[in-house]
Amino acid sequence: MFHPRFARLSSWCGGALVCAASLFAACSSNPSKPAPPSDDGGGGIGGSDPTPDPWSERRDWTPTELVDCPVQVAADDALGVLLSKLSLDFNVGISQSYYSLFGFDEAKDPSRLPYFHALQEDITRIPCTAGNFALRADEAISSSHPLATQIADAAAGLGFTVQAGGPWPVLDADTPLFSTIEQLFEQSAMSWDAEASKLALSPLPLTLRVAVAKWLVAAAEAARIRDEAIAGMLQGASMDLAYDRARYTQITGPQAGLDPDDPNDLSLLAPDPLLAGKLYTGAVRLAQALDETDLPALLSELPGGPLEVFLPTPLGAILIRGIQDDVYDPSQDARLTEPLLIVLDLGGADTYRIPAGANTSASHSVALHVDLGGNDLYAYVEKPHAKDLPGLLPADDGGRFAGNDDYGPISFSPHARQGAGVMGYGFLIDHGGSDDTYRSLRFSQGFGSLGVGVLSDDGGTDSYTCESGCQAAAVAGIAILNDGGGNDRYRSFQASQSFAGVSGFSYLYDRGGDDEYELVPREPFMFSWFGGYPNNLSKGQAAATGWRRDGLTLGGGVAVLRDYAGHDSYRAAVMAQGNGYWFGFGVLADGQGDDQYDLVAYGQGGTQHFALAAFLEGGGDDKYNARIKDEIETPRNALGGAHDFSVSFFVEAGGNDVYYAPDIAIGASKCHGLGVFVERSGDDAYHVSKDGAIGWATDFDWQVGDCGDATDWPSYGFFVDLDGSDTYDKPDAAAYGDGKTWLTDDPTDDTALELSGGIDTEHGVSFARAYGERWRAAQASP
């Protein structure tokens, strides 16, 4: 079966989408009236940009290559020197030809990343590809159009072409919002009370009415685009049924998700690239309107006293409130049970028990929520449950599982919240730099499935708490969580803090502050890892996971966690901190700071089963597994460890770093994987409890022969330390030390093709970069 995902991507012909998807064509505006005050092109979410704005014209999106990829490799590159000692060169890699031998060619995996094999076959491309993902996020956040740029870059990262930019219709100069609502009702043929609506809008200043009118135009255009894209994917199948199942896919729970063996579901999980590009174009257009809004200016002409405007539209209700401390609770206000298209709260310490920027049904295609200040609480209506154990949030009306040997009392919540796009677009924008609290159970805080979910908080000391499928989690969609700075805390259990499933792209971006990322490792027990080990299966903190199954398989997407700066803490148990599984690509890129990372297994630039991972640390005195070292009982892949035809890459830019690990770690592999570890500088200390680490490869997993052919399919493990005075603590450390090169061969099977070793050299060079603060400083110097 040939799938169009692997066809050559092409743009839409003639730009017909511009007029076909727009509710209001610019040519229909009344040119005799002067234009109202415009909020286009500056002072938006990303700040002002005085240069001419390329977003005024519609174009196909091309991501910026901020670093050359592939890179130029010096003749004396330290890894190249090591490879030559092993009679290898930079052609080392995992050949695509292996996959045909195993029956895993593209025809049986319609969601595989189009560049997956190029990276596996050329390891020099992995750090720069991961670096481009991280640096593009940096550039996007500081640009005039941060959200639109991030979404377009994410779609491109999945191999889809989107269109971005374009002019807006000229709004009515006197009644911009009223006239826009009026046109919506005229096109829908629905009845409405025009006079009551005009009266309700009268207290709003013109600047605010212009902004909301522009959002409404964008929402209507995005809704039209979404309808066309989803209808093309479903090919007559039920939209309501697809919506009900989409969010459960690859998120652990009792509800059935999409089924790849159902052709209609497969068309959603591995969509036609043109239809997927169209779907994400709608999100880019909606984000463009937000990016071009000067949010602080909306507070410049506030009416006195309390303010509330509630207006229905054919796409959902518009709700605007003032600067008072508001409570949004559907149990107290029945209007809040209706689909909300736009919620704008101008300030105050507010409490939200509504979905807050999450679309709630197949017909509710767009949900936009904007809060402009105050220490806000985003939560839900709680329904306490007997299984609400210490360490868990209270249940909602979905209840909890009773628990068994494999699962604890996991949430059964069916509700998406707080920046969730399920078969549509859900955006939550919290502006004002206040200290906000986000609490939900599943499918929240940046969640995308068959759509785009965005949570963007511009700063403050914020708290994000959830359970699974949260904090930038995407399955067949795009999910983004942006935090503008502050000492933040992220807490969840599974599939969170940048998780990408099939055809998913997730971005978690934190701009600064001393942050804590926790995927609860053990207590309370919730999600079992195989083998009876007492650890939760994390699948997060930049984990990309495909769908391993008999017959048709589905490759994972791309998960990126970018923390730009700060002294950060990362805790997880299994499959986290830059992890790839089943054709997924996980990227953790921390820019700078003295950071602490703790993990039990599979991560920190570690992979398993035909996957990719990159861990880029930009500098600082970092500690790896120092807090959890006594709990690491199992020989699992970490710190550039690769398993089963996977490729892992770990790069540390510098600082005096401390590493703790068992075996199959620190530039190691098993079962025909390829692991690379590069430490660029600093006085580093390596502590490993077993010999099978620090430049080591073994062809088997639990016992000799359990990974297939040991003589024709090689396993690779490479370790490079460039500078500094380093110490090596391992059972047999005689060959390790400054200025030494060592070649290793696992003695268990002397016939196995195991090619591994390490090099510790002063004043060496390496093509591998972490693209953090040190790299940026070097680029800026004359």
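So, here is what we can say about the structure in this document.

The rules we used
Residues numbered from 1 in each chain as written. Predicted model: local features only at pLDDT ≥ 70, side-chain atom pairs only at ≥ 80, totals over all residues. Heavy atoms only, no water. Phe/Tyr/Trp six-rings, centres within 6.5 Å; stacked < 30°, edge-to-face > 60°. Buried < 20%, exposed > 50% of the residue type's maximum accessible area, 1.4 Å probe, protein only. Helix = DSSP H or I, 4+ residues; strand = E, 2+ residues; numbered from the N terminus. Lys NZ or Arg CZ within 6 Å of the ring centre and 35° of its normal. Axes fitted to C-alpha atoms, helices over the stretch in contact; angles between N-to-C directions. Parallel < 35°, antiparallel > 145°, perpendicular 65-115°, else oblique. Contact = heavy atoms within 4.5 Å. Nonpolar A, V, L, I, M, F, W, Y, C, P; charged D, E, K, R; others polar. Expected span 1.5 Å × (residues − 1). Pairing = 2+ DSSP bridges. Disulfide = S-S within 2.5 Å. Core = buried A, V, L, I, M, F, W, Y, C linked by side-chain atoms within 4.5 Å. 1 Å grid on protein atoms, 1.4 Å probe; cavity = no way out; pocket = protein on both sides within 12 Å on 5 of 7 lines; lining within 4 Å. Points joined across faces, edges and corners; volume = space filled by probe spheres on them. Salt bridge = Lys/Arg side-chain N within 4 Å of Asp/Glu carboxyl O. Patch = residues over 30% accessible without salt bridge, like charges linked within 9 Å, V, L, I, M, F, W, Y side chains within 5 Å. Areas by Shrake-Rupley, 256 points an atom, 1.4 Å probe, with all protein chains shown as cover.

## Observations regarding the packing of aromatic side chains
The description of an aromatic ring pair uses the distance of the two centres, along with the angle that the planes make with each other.
Thinking step 1. Following the criterion strictly, the structure yields 52 aromatic pairs and no others.
Thinking step 2. Pairing F505 with Y507 gives two aromatic rings, centres 5.1 Å apart and planes at 55 degrees, and the pair type is tilted.
Thinking step 3. Here F505 falls in the buried class, since its relative accessible area comes to 0%.
Thinking step 4. Ring geometry for F650 versus F677: centroids 4.7 Å apart, planes at 5 degrees, classification stacked. Of the two residues, F650 is situated in strand β38 (residues 647-652) and F677 in strand β41 (residues 674-679); the sequence distance between them amounts to 27 residues. Taken individually, F650 and F677 each receive the classification buried, so the pair is uniform in this respect.
Thinking step 5. One Lys or Arg, R335, reaches over the ring of F310 and ends 4.6 Å from the middle of that ring.

## Quick look at the packing of helix α7 (residues 176-188) against helix α9 (residues 206-234)
The relative placement of two packed helices is expressed as an angle between their axes plus a distance between the axes.
Thinking step 1. Put simply, α7 and α9 touch, their axes get as near as 7 Å, and they point 25 degrees apart. Here α7 is positioned roughly parallel relative to α9, judged by the angle of their axes. Residues P176, L177, T180, I181, L184 and Q187 of α7 lie in contact with α9, whose contacting residues are L206, R209, V210, V212, A213, L216, V217, A220 and R224.
Thinking step 2. Looking at the contact of α7 with α9 residue by residue, the class counts come to 11 nonpolar, two polar and two charged.

## Let's talk about helix α5 (residues 125-141)
Thinking step 1. Between its terminal C-alpha atoms α5 stretches 24 Å, which fits the 24 Å expected from 17 residues at 1.5 Å a residue.
Thinking step 2. Along α5, 15 of the 17 residues are buried, which leaves the element largely enclosed by surrounding structure.

## Topic: the sheet that holds strand β25 (residues 537-540)
Paired through their backbone hydrogen bonds, the strands of a sheet run either parallel or antiparallel.
Thinking step 1. In spatial order, the strands read β25-β29-β33; together these three strands make up an open sheet with parallel pairing. Whereas interior strands pair on both sides, the edge strands pair on one side only; in this sheet they are β25 and β33 (601-603). Across the sheet, the mean angle from the axis of one strand to that of its neighbour is 10 degrees, orientation sign disregarded.
Thinking step 2. Note that strand β29 (residues 574-576) and β33 share two bridges and pair parallel. Looking across to β33, one finds that V574 is bridged to A601.

## Details of the environment of G166
Thinking step 1. Tracing the backbone through its elements, the reader meets G166 in the loop between β2 (163-164) and α7.
Thinking step 2. Along the backbone, G166 and W55 are 111 residues apart, and their C-alpha atoms lie at a distance of 6.0 Å.
Thinking step 3. Apart from the residues within four sequence positions on either side, G166 is in contact with W55, S56, E57, R58, R285 and Q288.

## Points about the sheet that holds strand β10 (residues 420-422)
Thinking step 1. Here we have seven strands laid out as an open sheet, ordered β10-β14-β18-β22-β26-β30-β34, and parallel in their pairing. The sheet terminates laterally at β10 and β34 (606-608), the two strands that pair on one side only.
Thinking step 2. One ladder, built from three bridges, connects strand β14 (residues 447-449) with strand β18 (residues 473-475); its direction is parallel. From the neighbouring strand, S449 faces β18, where its bridge partner is V475.

## Overview of the side chain of S569
Thinking step 1. Residue placement: S569 occurs in strand β28 (residues 569-571).
Thinking step 2. The exposure class assigned to S569 is buried, which follows from its relative accessible area of 15%.
Thinking step 3. Ignoring any residue separated from it by four or fewer positions in sequence, one finds S569 in contact with D515, E516, Y517, Q596 and R627.

## Some words on α9
Thinking step 1. Taking 1.5 Å per residue as the helical rise, α9 with its 29 residues ought to reach 42 Å, and the 41 Å between its terminal C-alpha atoms agrees with that figure.
Thinking step 2. For α9, a buried count of 22 out of 29 residues is recorded, marking the element as mostly surrounded by other parts of the structure.
Thinking step 3. Just past α9, the residue Q235 takes up positive phi, approximately 55 degrees.

## Points about the state of the cysteines
Such a bond, covalent and formed between the sulfur atoms of two cysteines, is termed a disulfide.
Thinking step 1. Per the stated rule, a full pass over the model turns up two disulfides.
Thinking step 2. The residue that forms a disulfide with C69 is C128, at a sulfur-sulfur distance of 2.0 Å. Every disulfide takes its handedness from the sign of the S-S torsion; for C69 and C128 that torsion is 60 degrees, giving right-handed. Within this pair, whereas C69 is found in the loop between β1 (59-60) and α2 (78-85), its partner C128 is found in helix α5, the two being separated by 59 residues in sequence.
Thinking step 3. Overall, C69 belongs to the partly exposed group, its relative accessible area being 25%.
Thinking step 4. Each sulfur in the disulfide pair C466 and C470 lies 1.9 Å from the other. As far as burial versus exposure is concerned, C466 and C470 are alike and both buried.

## A short note on the nonpolar core
Thinking step 1. Of all hydrophobic cores here, the largest spans 172 residues; its most connected members are I151, W215, Y425, F427, F585 and F718.
Thinking step 2. In terms of residues, this core owes the most to one element, α9, which gives 18 residues.
Thinking step 3. Counting 45 residues, the second largest nonpolar core, distinct from the first, contains F310, L340, L428 and A472.

## Regarding the layout of surface pockets
Thinking step 1. In this structure, the largest pocket occupies an estimated 670 Å³ of space.
Thinking step 2. In terms of lining residues, the largest pocket is bounded by 32 residues, among which L537, K539, T545, M575 and Y581 are the most central.
Thinking step 3. Of all the secondary-structure elements, those providing two or more residues to the lining of the largest pocket are β25 and β29.
Thinking step 4. Among the residues making up the lining of the largest pocket, the classes are represented as 13 nonpolar, 13 polar and six charged.

## Overview of the pattern of salt bridges
Side chains carrying opposite charge are able to pair once their charged atoms draw close together.
Thinking step 1. Summed over all chains, the structure comprises 25 salt bridges.
Thinking step 2. Among the salt bridges present, the one from R400 reaches E467, with a minimum N-O distance of 3.0 Å. Here the residue R400 occupies a position in the loop between β9 (377-378) and β10, and E467 occupies one in the loop between β16 (463-465) and β17 (468-470), the gap between them amounting to 67 residues. Each member of the pair R400 and E467 is classed as buried.
Thinking step 3. Measuring nitrogen to oxygen at the nearest pair gives 3.0 Å for the salt bridge that ties R489 to E518. Taken together, the residues R489 in strand β20 (residues 489-492) and E518 in strand β24 (residues 516-519) connect sequence positions 29 residues apart.
Thinking step 4. In this structure R489 comes out as partly exposed when scored by relative accessible area, which is 38%.
Thinking step 5. Here the residues in one salt-bridge network are E308, R321, D333 and R335, joined through shared partners.

## Concerning a nonpolar patch on the surface
Thinking step 1. Where nonpolar side chains cluster on the molecular surface, the patch consists of L299, L302 and I323 and spans about 230 Å² of accessible area.
Thinking step 2. With respect to the secondary-structure elements, L299 resides in the loop between α12 (273-291) and β3 (308-311).
Thinking step 3. Since its relative accessible area comes to 32%, L299 is described here as partly exposed.

## Observations regarding unusual backbone geometry
Thinking step 1. That bond from C69 to P70 is cis: its omega, 10 degrees, falls within 30 degrees of zero.
Thinking step 2. Within the secondary structure layout, P70 lies in the loop between β1 and α2.
Thinking step 3. Of note, Q541 is a non-glycine position whose phi angle comes to about 50 degrees, a positive value.
Thinking step 4. Relative to the helices and strands, Q541 is located in the loop between β25 and β26 (543-545).
Thinking step 5. For Q541, a relative accessible area of 0% gives the class buried.
Thinking step 6. Here the phi dihedral of H609 falls at roughly 60 degrees; this positive angle occurs in a residue that is not glycine.
Thinking step 7. Structurally, H609 is set in the loop between β34 and β35 (612-617).

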